[in-house]
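Report on the structure
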Amino acid sequence: MTIFVVNPNSSDVVTAGIDRAMEPLRASSPAPIAAIQLDEGPKGIETQAHVDGVVAPLLKRAAALEDEASAFVVACFSDPGLAAMREQSRRPVLGIAESAILTAMSVGQRFGVLSILSRSVPRHMRMFGAMGVMDRLAADLPLELGVADLADEARTFGRLQEVGRTLRDAHGADVLILGCAGMTRFRAALEDALGRPVIEPCEAAAAMAIGRVALARAQQNQGDDR
């Protein structure tokens, strides 16, 4: 049984980054963690059309993996198909955005989000409103870099520092969230640079998945002992 971290885009670079982010968690996990991707998905999920378009193939892929899965993680910050996957699957299903927000609110009072593009922000705002967390949001600010642009590490890290300082100093964010699965490799360096906790969403969701699997096993063992 495996925790499947599913990248809904088809970027090998993003999936490899997610896989590296999982490595420190594997020793603590009661099940193997596998990072996989939708080869039929776009290279980057940057629009509402992209989000909507990956839901059907995501559900199909998850259904095919159901019997092998301990849990699923949807590794896109728009959490595409999250409710539908929860309806379809008997396994725990975690979205990286929802998990990152919940984790951030346990770390600080006001969270700031570093998004890729301006057009991502309204989509995120709808999610924050649906979660009822708008009063804990400091701001959601874009880097104005697409998913493919994140491969330029120097440029991306420069923008992360610039936008992160604005979230910290101008908006009062005391914890920051990386708003794209393609930013995984920057978490530790950005935290050091800004002096604020930085939540990497794939790690946050995988940690929750590990907890859900461990809890389910503990509850099953308690039942067996009765």
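Procedures and definitions
- Residues numbered from 1 in each chain as written.
- Predicted model: local features only at pLDDT ≥ 70, side-chain atom pairs only at ≥ 80, totals over all residues.
- Heavy atoms only, no water.
- Helix = DSSP H or I, 4+ residues; strand = E, 2+ residues; numbered from the N terminus.
- Rg over C-alpha atoms; globule rule 2.2 N^0.38 Å.
- Buried < 20%, exposed > 50% of the residue type's maximum accessible area, 1.4 Å probe, protein only.
- Contact = heavy atoms within 4.5 Å.
- Areas by Shrake-Rupley, 256 points an atom, 1.4 Å probe, with all protein chains shown as cover.
- Lys, Arg positive; Asp, Glu negative; His and termini not counted.
- Charge placed at Lys NZ, Arg CZ, Asp CG, Glu CD.
- Salt bridge = Lys/Arg side-chain N within 4 Å of Asp/Glu carboxyl O.
- Phe/Tyr/Trp six-rings, centres within 6.5 Å; stacked < 30°, edge-to-face > 60°.
- Expected span 1.5 Å × (residues − 1).

1. Concerning the overall build of the protein
- On a plain count of helices and strands, the protein comes out with eight helices and eight strands.
- Taken over C-alpha atoms, the radius of gyration comes to 17 Å for the protein, in line with the 17 Å a tight globule of 226 residues would show.
- Dimensions of the protein, computed from the C-alpha atoms along their principal axes, are close to 55 × 40 × 30 Å.
- The 226 residues of the protein split such that 53% are buried.
- For the protein, restricting intrachain contacts to residue pairs at least 6 apart in sequence, the fraction spanning at least 24 positions comes to 69%.
- Accessible surface computed for the protein: about 9700 Å², of which carbon and sulfur atoms make up 51%.
- On the protein, the mean spot of the 23 positive side-chain charges and the mean spot of the 28 negative ones are 2 Å from each other.

2. Concerning the pattern of salt bridges
- Counted under the stated rule, the structure contains 12 salt bridges.
- Of the charged contacts, one joins Glu 66 and Arg 90 as a salt bridge, the two residues approaching to 3.8 Å between their closest N and O atoms. Note that Glu 66 is positioned in the loop between helix H2 (48-65) and strand S3 (69-74) and Arg 90 in the loop between helix H3 (82-88) and strand S4 (93-95), a separation of 24 residues in sequence.
- A salt bridge links Asp 67 to Arg 90; the nearest nitrogen and oxygen atoms lie 3.8 Å apart. Taken together, the positions of Asp 67 in the loop between H2 and S3 and Arg 90 in the loop between H3 and S4 put the pair 23 residues apart, joining distant regions of the chain. The same class applies to Asp 67 as to Arg 90, namely exposed.

3. Regarding the packing of aromatic side chains
- In total, this model carries three aromatic pairs according to the counting rule given.
- Relative to Phe 72, the ring of Phe 4 has its centre 6.2 Å away and its plane inclined at 25 degrees; by these criteria the two rings are stacked. Pair noted here: Phe 4 is in strand S1 (residues 2-7) and Phe 72 is in strand S3, with a separation of 68 residues, a long-range link. Each member of the pair, Phe 4 as well as Phe 72, carries the same accessibility label: buried.
- Arranged with centres 5.8 Å apart and planes meeting at 75 degrees, the rings of Phe 111 and Phe 128 form a pair that is edge-to-face. Pair noted here: Phe 111 is in strand S5 (residues 111-115) and Phe 128 is in helix H5 (residues 120-131), with a separation of 17 residues, a long-range link.
- On the accessibility criterion, Phe 128 (0% relative accessible area) is buried.

4. Quick notes on helix H6 (residues 153-169)
- Over its 17 residues, H6 extends 24 Å from the first C-alpha to the last, a length consistent with the 24 Å expected when each residue adds 1.5 Å.
- Looking at the packing, one finds that the buried side of H6 touches S5, strand S6 (137-142), strand S7 (175-178) and helix H7 (187-194).

5. With respect to unusual backbone geometry
- The backbone phi angle of Asp 79 is positive, close to 50 degrees, even though this residue is not glycine.
- Tracing the backbone through its elements, the reader meets Asp 79 in the loop between S3 and H3.
- Using a relative accessible area of 9% as the deciding quantity, one classes Asp 79 as buried.
- Phi is positive for Glu 144, close to 60 degrees, though the residue is something other than glycine.
- With respect to the helices, strands and loops of the structure, Glu 144 is situated in the loop between S6 and H6.

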